[in-house]
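Structure assessment
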Amino acid sequence: MLSQAKFNEAKTAAITHEPLTKPVMLSEIKLSDTSQKDGFIHLNDSKVPASGAFFKQLASLLNIGQNLNSKFEKHGDSQLGNKLMSAVKHYTERRGGDVPLMMVADRDQKQVTGIVKADKFARISNETLFKTAEEILNEVPDMHIESIDSGGGRSSINLIHTSEVGFERLGKDEVFRFGISLVNTPTQTQVDDFFYRLVCANGAVAKDMTAAFQLKQANAAGIAELFQSLKAYGKTGFVPRAFAERLERATSTRASLNEVQRAVDSVVDNLKHEDPEMRKRLQEGVISSHFPMYKSTLARVFSKGHNPEFLTDKQKSFIKTGMSVWDLVNELTWLGSHNTVEEYENRARFKATGGALFAKSNYDLEAAQFATV
Amino acid sequence: MIGKKEKQVRKYFLQEFGGQVPAGKVLDLFQNFQTNPLGEGISYSLFNGVIKKLRGTQTLAGVSQTSRVVATPTAPAKEVELQIVKIGSMEFPEFKCFKTGTLLDQLFSDHEDGGGIYGGTANIVIGESGVGKSTVMLDILAKIKRIQPEAKILYISSEMTRNDLFFYYRKMPMIAEVPTLLLMDYIQSGFVKAIEKAITGEHDVILIDSHQDIIVKLKDVLGWKSTYAEAWLTNLVIKAADGMGKSIFCIQHMTKGGTYVGSTYLKHATTSMMEMKFGPGNRRYLEFTKNRRGGSLVNKPLFFSMAAGEVLYDQTSWDQLIRAEEVAHTEESRREELESEFDDLFLSAQIQTLPVEEPAADANKVEVEQ
């Protein structure tokens, strides 16, 4: 938990380093064919340093293909510069220059770092973000600041509720703690929800974040909607409305071979051992003890005349295994929070993998029963 | 052969104008005719037909040259005396202000501490069917009576019968003390008089439910043209509000697409327009889309619900909205600050400006510090 002093410190830093913004029209941005290479644009007759990300976002705004962008990044050729110049010209002429944009700059790096269409800029200031967090803390005594992340023009205030929430379906040992993150990117304000899964009360073991609310406009209506959404979260004790439903889906849906394989890969690739032979033996051991269904599913696929190695991810996502999605999440969580014989580079990573799997909007085999309709 | 009703009209012109048709619009003549006992039960179309006959007769027979001449559109209009008065020298009525004791008072007026419903106002209330127009308005009347027992309130219902009202009363016992006039009682006789008397009578706050329905009845039952009926009722409302200092509420209808149904004349002449709508999750809310007494709170939704027999306004979401307005205002200032800092950092005169064609310097070596 974060102290008030640390909170204030973070608040001051976030305000001080707040990204600068300027509304501009597309026609005001002047480019040369070397602008991108040299890292400059011209704005109101001034030469303004611009980052690679800025040009990338400008290209995307002007519908310039990702391929050309990547090509520039790799080889630095002038094709993109020319294309950008002509696209700006084309847009400006076709629409009379009437494309309102919002330019974002990093005051510390002293360069413009991003650009979005003005109507896509939906961000409240860092000061308001922190004030909003303070209001939540005042209104909900059980809410605490878990941490504050910042960097790259981004600020994230993570607030966690102290209540432990259980779900009947999972038994009495399974409890969760829920929280929200108030997030400011350079162009967007959003609220993410996250949860910690507490297994056998041995501490936080799984964390996941999903965007639960995105500010649409930084005007009164948009801000009122943000407050309304926070109020709605508060009413449910910050338990995401869809959480119980998701839990139901995770426990009743079989994990696909694709989902299991991804989980297995994330674990075995993380094993720490120099000797390749030993490493291989450890991998097999981990699979046998933690993911036995993986082995049996592969055997079943072979017996049906298919070689799993040649199956695509899409094909694997249609093959069921003997474990539920929840079982898989459980396994990853357990591995991420217990000391085992085998050593891992970073076992905490499994918690995030499990959380991400659980938070997937759709599990591969969720609608499998309809295949036979 | 002249019918009984035509005889009535002819008798009227004989009594009032010596058998001649005076100059002026037929609509105006009809309006005056309606105030005469002979006007009862005569439709506008019959009246107009008789006038045509009378005027034709007069012309053909040369009975009354005068009458024909005055009826000509090119005839000189009646002399009008312009009354131009300095605003400060105008005579203003003593405005009464009525309070409901709810959050709604603030929306009605920002000229009075705590708000309230000013006298001398004509207000339109619109909303789709079932949104709660009559319920909210009856609640307002009942609450005014509760806070200011001396206030003379009146509910004029053209649509509802006693039986319909019973169910409102059962739902909202607090409306027991609301004086009510059921226009349906006068549909056979005295309809126009009843409306006129009720609107221009002794009451301070009058709810007309509904403006459109009265027009329909004037049209269908009495045979008035709808434009005439509309103008007549609107003039009456404006006369009562502006000339007599009353506060009049006219419930109006909306199309399913949410468009206002009614005359533009009424829409423009009124002090305020309050709209009731279904919001997210079918929550009901009201908002003013126009308010000459409370401009600062226009277009701000106030959610409401029914509980314990009365309308409750959602203070929490209202406070949130007001707070959001304040925050949005602060945000605007902050964006201006950030833009100003941007300009200072990148666009100030101290930054070296170069022509577009000129080769750019190494990005890492550019000095933009001031």
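The residue count restarts for each chain, going from 1 along the sequence in the order it is written. By the order in which they are written, chains take letters starting at A while ligands take numbers starting at 1. Only residues with pLDDT of at least 70 are given local features in this predicted model, and only at 80 or more are side-chain atom pairs given and counted; all residues enter the totals for whole chains, interfaces and linings.

**Thoughts on the overall build of chain B**
Counting its regular elements, chain B contains 12 helices and 13 strands. Each of the 370 residues in chain B was classed as buried or not, and the buried ones make up 34%. For the purpose of contact definition, each residue receives a C-beta atom placed from its backbone, and two residues are in contact when these atoms lie within 7 Å. For chain B, long-range pairs separated by at least 24 residues make up 64% of all intrachain contacts whose partners lie at least 6 apart in sequence. Where helices and strands are cited, they refer to DSSP runs of H or I of at least four residues and of E of at least two residues respectively, numbered from the N terminus. Counting other C-beta atoms within 10 Å of a residue's own tells you its class, since 20 or more makes it buried, 12 or fewer makes it exposed, and anything in between is partly exposed; those C-beta atoms are placed from the backbone.

**Examining the overall build of chain A**
Counting its secondary structure elements, chain A contains 14 helices and 14 strands. Here chain A, with 373 residues, has 40% of them falling under the buried criterion. In chain A, the proportion of contacts linking residues at least 24 apart, taken out of those at least 6 apart, comes to 63%.

**What to know about helix α9 (residues 211-220) of chain B**
Where α9(B) is concerned, the buried positions are B:His211, B:Gln212, B:Ile214, B:Ile215, B:Lys217 and B:Leu218. Elements in contact with the buried residues of α9(B): α8 (191-199), β6 (205-209), α10 (226-243), β7 (247-251), β8 (253-254) and β9 (260-261) of chain B.

**Comments concerning the packing of α9(B) against α10(B)**
Residues and elements named next belong to chain B. Helix axes are fitted only over the stretch in contact, all axes being lines through C-alpha atoms; the angle between N-to-C directions runs from 0 to 180 degrees. Their axes nearest at 9 Å, the elements α9 and α10 cross at an angle of 130°. Here α9 is positioned oblique relative to α10, judged by the angle of their axes. Both α9 and α10 take part in a crossing whose hand is right-handed. Between α9, through His211, Ile214, Ile215, Leu218 and Lys219, and α10, the contact on the second element is made entirely by Ser226, Ala229, Glu230 and Leu233. Residue polarity is assigned by list, with Asp, Glu, Lys and Arg as charged and Ala, Val, Leu, Ile, Met, Phe, Trp, Tyr, Cys and Pro as nonpolar; anything else, Gly included, falls into the polar class. Partitioning the contact of α9 with α10 into residue classes produces five nonpolar, two polar and two charged. Any angle that is under 35 degrees is reported as roughly parallel, and any over 145 degrees as roughly antiparallel; angles of 65 to 115 degrees are reported as roughly perpendicular and all others as oblique. The crossing is said to be left-handed when, going from far helix to near helix, the turn is anticlockwise and less than a right angle, and right-handed when the turn is clockwise.

**With respect to the interface of chain A and chain B**
Taken together, the 32 residues of chain A in the interface contact 30 residues of chain B. Of all elements in the fold, only β1 (20-25), β3 (40-43), β4 (46-49), α6 (126-139) and α7 (220-235) of chain A reach the threshold of two or more residues within the side of chain A that touches chain B. When residues in the side of chain A that touches chain B are grouped by element, the largest group, five residues, is from α7(A). Split by residue class, the side of chain A that touches chain B holds 12 nonpolar, 11 polar and nine charged.

**A few points about the sheet that holds strand β2 (residues 29-30) of chain A**
Two strands qualify as a pair provided that DSSP identifies no fewer than 2 bridges between them. A sheet is described by the order of its strands in space; here three strands give the open sequence β2-β3-β4 (chain A), paired in antiparallel fashion. If you trace the sheet from one side to the other, it starts and ends with β2 and β4 of chain A, each paired once.

**Some words on the nonpolar core**
Soluble globular proteins: nonpolar side chains tend toward being buried together. Judged by nonpolar contacts, the single largest core of 71 residues is most densely connected at B:Met137, B:Leu141, B:Ile156, B:Ile208 and B:Ile248. Considering each element in turn, this core owes the most residues, seven residues, to helix α6 (residues 133-147) of chain B. Residue ranges for the domains originate in an automatic or database domain assignment. Taken domain by domain, this core gets at least three of its residues from each of domain 1 (4-71) and domain 2 (93-313) of chain B. With residues near it in sequence (within four places) discarded, B:Ile156 still touches B:Leu181, B:Leu183, B:Ala198, B:Ile206, B:Leu207, B:Ile208 and B:Asp209. Put simply, a nonpolar core is a cluster of buried Ala, Val, Leu, Ile, Met, Phe, Trp, Tyr and Cys residues tied together by C-beta atoms within 7 Å. Of all hydrophobic cores here, the second largest spans 63 residues; its members include A:Leu26, A:Leu182, A:Ala218 and B:Phe342.

**Things to note about the environment of A:Leu31**
All names here are of chain A. Mapped onto the elements of the fold, Leu31 is located in the loop between β2 and α2 (35-38). Given 22 C-beta atoms within a 10 Å radius, Leu31 is considered buried. On a C-alpha basis, the gap between Leu31 and Val88 in space is 8.3 Å, while along the polypeptide they are 57 residues apart. Setting aside residues no more than four positions away along its own chain, Leu31 makes contact with Ile41, Leu84, Met85 and Val88.

**Quick word on the packing of helix α9 (residues 257-268) of chain A against helix α13 (residues 325-337) of chain A**
When two helices pack together, you describe them by how their axes are tilted relative to each other and by the distance separating the axes. Residues and elements named next belong to chain A. In the contact formed by α9 and α13, the axes pass within 11 Å of each other and the chain directions differ by 5°. Our classification of the angle between α9 and α13 gives roughly parallel. Contact residues: α9 offers Glu259, Val260, Ala263 and Val267, while α13 offers Val325, Leu328, Leu332 and Leu335. Here the residues of the contact of α9 with α13 sort into seven nonpolar, no polar and one charged.

**Considerations on the confidence of the model for chain A**
Per-residue confidence from the prediction method is given by pLDDT, with values spanning 0 to 100. Summary statistics for chain A give a mean pLDDT of 84 and a share of 91% for residues scoring 70 or more. Between the elements of chain A, mean pLDDT differs from a low of 61, seen in helix α4 (residues 66-75) of chain A, to a high of 95, seen in strand β13 (residues 254-256) of chain A.

**Some details on the sheet that holds strand β5 (residues 100-106) of chain A**
The strand order β1-β5-β6 (chain A) describes an open sheet built from three strands, whose pairing is antiparallel. The open sheet has two edge strands, β1 and β6 (111-117) of chain A, and neither has a second partner. Geometrically, the sheet is characterised by an average inter-axis angle of 30° between neighbouring strands, direction not taken into account. The sheet contact formed by β1(A) and β5(A) spans six bridges and is antiparallel. Within the sheet, the bridge partner assigned to A:Lys22 lies in β5(A) and is A:Met103. Where helix α12 (residues 315-347) of chain B meets the sheet, its contacts fall on β1 and β5 of chain A, and the angle it forms with β1(A) comes to roughly 85°.

**Here's the deal with unusual backbone geometry**
Looking along the chain, the bond that leaves B:Asp209 and enters B:Ser210 is cis, with omega of 5°. With respect to the helices and strands, the residue B:Ser210 is situated in the loop between β6 and α9. One non-glycine residue, A:Lys110, lies in the positive phi region at around 55°. On the secondary structure map, A:Lys110 appears in the loop between β5 and β6.

**Observations regarding the confidence of the model for chain B**
Residue and element names in this part refer to chain B. Looking at chain B, the pLDDT average stands at 83 and 87% of residues meet or exceed 70. Note that residues 58-75 has pLDDT below 50 and, in this model, 17 contacts with residues that lie over four places away or in other chains. The low-confidence segment residues 350-370, where pLDDT is below 50, has 29 contacts with residues more than four positions distant or belonging to other chains.

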